[in-house]
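This is what each chain is made of:
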Amino acid sequence: MNRTVAHIFSLLFHPLLILTYALLFLLTVNPYAFSVRDLADRRAVLLLLSVFTTSFMLPAFGVGLMKPLGLIKSLQLEDKMERIGPYILSGVFYLWLYKNLASGEHAPPLFNSFVLGTTIALFFAFFINIFTKISVHAVGMGGLVAMVLVTSRVWDQSVFNLPAFGYTLQMSLNAVLALVILLAGLVGTARLALGAHVPADLYRGYAAGIVAVLAGSVLS
């Protein structure tokens, strides 16, 4: 894979963006579960902003501050020991998000279980990282695969309705699952092309993400 394309895939599917993508997916599949009519509903927009801010912007800002403070050498976090601080910081924000969502009626239990699963995945990655390197991109994509799989089994929905240019494109959730699995493979290929990981790091990441999200769906 071309390095430029690999960088694009790495950025588009950054691990901290996965919860936002999962929320967009669920809002598109079944907006009524969130007590909204569609993505343009004010309540849906506010929820998206809240999840995006807490799960991406705040952790990213915190990690960004670590470099000028001398806590990390690079934002790429190539050294596995440098990842410990960012894991802990992100885990705190994700726990906070889960607590806020679980104590209110902002989102259905299914999404709350995904937030819990993603939080578990972060701590899985933190623990594994102590002993060996793991791809957090693979953790995120493995979690996203599990989220689509759980959604297709838990919600009585078989169609993904995607509004586009005044029309509605329909896809079966099985087709969406196949597409997400393909994307997971492309993201893994991108990380290999950039020399950020070896295949074993990806396998550990995919496994951790899938197991964590499945655990979250059982525990919540």
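Going along each chain's sequence as written, the residues are numbered from 1 onward. Local features are withheld for residues below a pLDDT of 70 in this predicted model, meaning they are given only at 70 or higher, and side-chain atom pairs are given and counted only at 80 or more; totals for whole chains, interfaces and linings count all residues. The side-chain figures draw on all heavy atoms in the structure; neither hydrogens nor water molecules are used.

Runs of E in the DSSP output that reach at least two residues are strands. Runs of H or I that reach at least four are helices, and both are numbered from the N terminus. Looking only at helices and strands, the protein features eight helices and two strands. The contact criterion used is simple: two residues touch if any of their non-hydrogen atoms lie within 4.5 Å. In the protein, 72% of the contacts between residues at least 6 apart in sequence involve partners at least 24 apart. A total of about 11200 Å² of accessible surface is found on the protein, and carbon and sulfur atoms cover 69% of it. What sets the accessible areas is the Shrake-Rupley method with a 1.4 Å probe; for residues, cover comes only from the shown protein chains.

Quick look at the pattern of salt bridges now. Here a salt bridge means any side-chain nitrogen of Lys or Arg lying within 4 Å of a carboxyl oxygen belonging to Asp or Glu. Overall, the coordinates contain one salt bridge when judged by the stated rule. The salt bridge involving R204 is made with D201; its shortest N-O contact spans 2.7 Å. Taken together, the positions of R204 and D201, both in helix 8 (residues 199-219) and three residues apart, correspond to about one turn of that helix. Residue exposure (1.4 Å probe, protein chains only): buried if accessible area is under 20% of the type maximum, exposed if over 50%, otherwise partly exposed. For R204, a relative accessible area of 28% gives the class partly exposed. Overall, D201 belongs to the buried group, its relative accessible area being 5%.

Further remarks concern unusual backbone geometry. With a phi close to 60°, S35 is a non-glycine residue in the positive phi region. Along the chain, S35 falls in the loop between helix 2 (18-29) and helix 3 (42-66). Accessibility expressed as a relative area gives 54% for S35, which makes it exposed.

Glancing now at the packing of aromatic side chains. When the centres of two rings from Phe, Tyr and Trp lie within 6.5 Å, Trp using its six-membered ring, the rings pair. Their planes under 30 degrees apart give stacked, over 60 give edge-to-face, and anything left gives tilted. Tallied over the entire structure, the rule returns five aromatic pairs. When the centroid spacing of 6.2 Å and the interplanar angle of 20° are considered together, the rings of F9 and F13 count as stacked. Look at F9 and you get buried, because its relative accessible area is 18%. Relative to W96, the ring of F93 has its centre 6.3 Å away and its plane inclined at 45°; by these criteria the two rings are tilted. Taken together, the residues F93 and W96, both in helix 4 (residues 84-102) and three residues apart, mark about one turn of the helix. Classification of F93 by relative accessible area gives buried; the value is 17%. Of the aromatic side chains, those joined through ring pairs into one cluster are F9, F13 and Y21.

Turning next to the packing of helix 6 (residues 136-154) against helix 7 (residues 173-193). Where helices are involved, their axes are fitted lines through C-alpha atoms of the stretch in contact, as for all axes, and angles between N-to-C directions lie from 0 to 180°. The contact between helix 6 and helix 7 brings their axes to 9 Å, and the two run at 175°. Taken together, helix 6 and helix 7 sit at an angle that is classed as roughly antiparallel. Seen from helix 6, the contacting residues are H137, M141, L144, V145, V148, L149, S152 and R153; seen from helix 7, they are L173, N174, V176, L177, V180, I181, L183, A184, V187 and R191. Class assignment of the residues belonging to the contact of helix 6 with helix 7 gives a composition of 13 nonpolar, three polar and two charged. Here the word oblique covers every angle except those under 35 degrees (roughly parallel), over 145 (roughly antiparallel) and from 65 to 115 (roughly perpendicular). Three classes are used, and their members are as follows: Ala, Val, Leu, Ile, Met, Phe, Trp, Tyr, Cys and Pro are nonpolar, Asp, Glu, Lys and Arg are charged, and the others, Gly among them, are polar.

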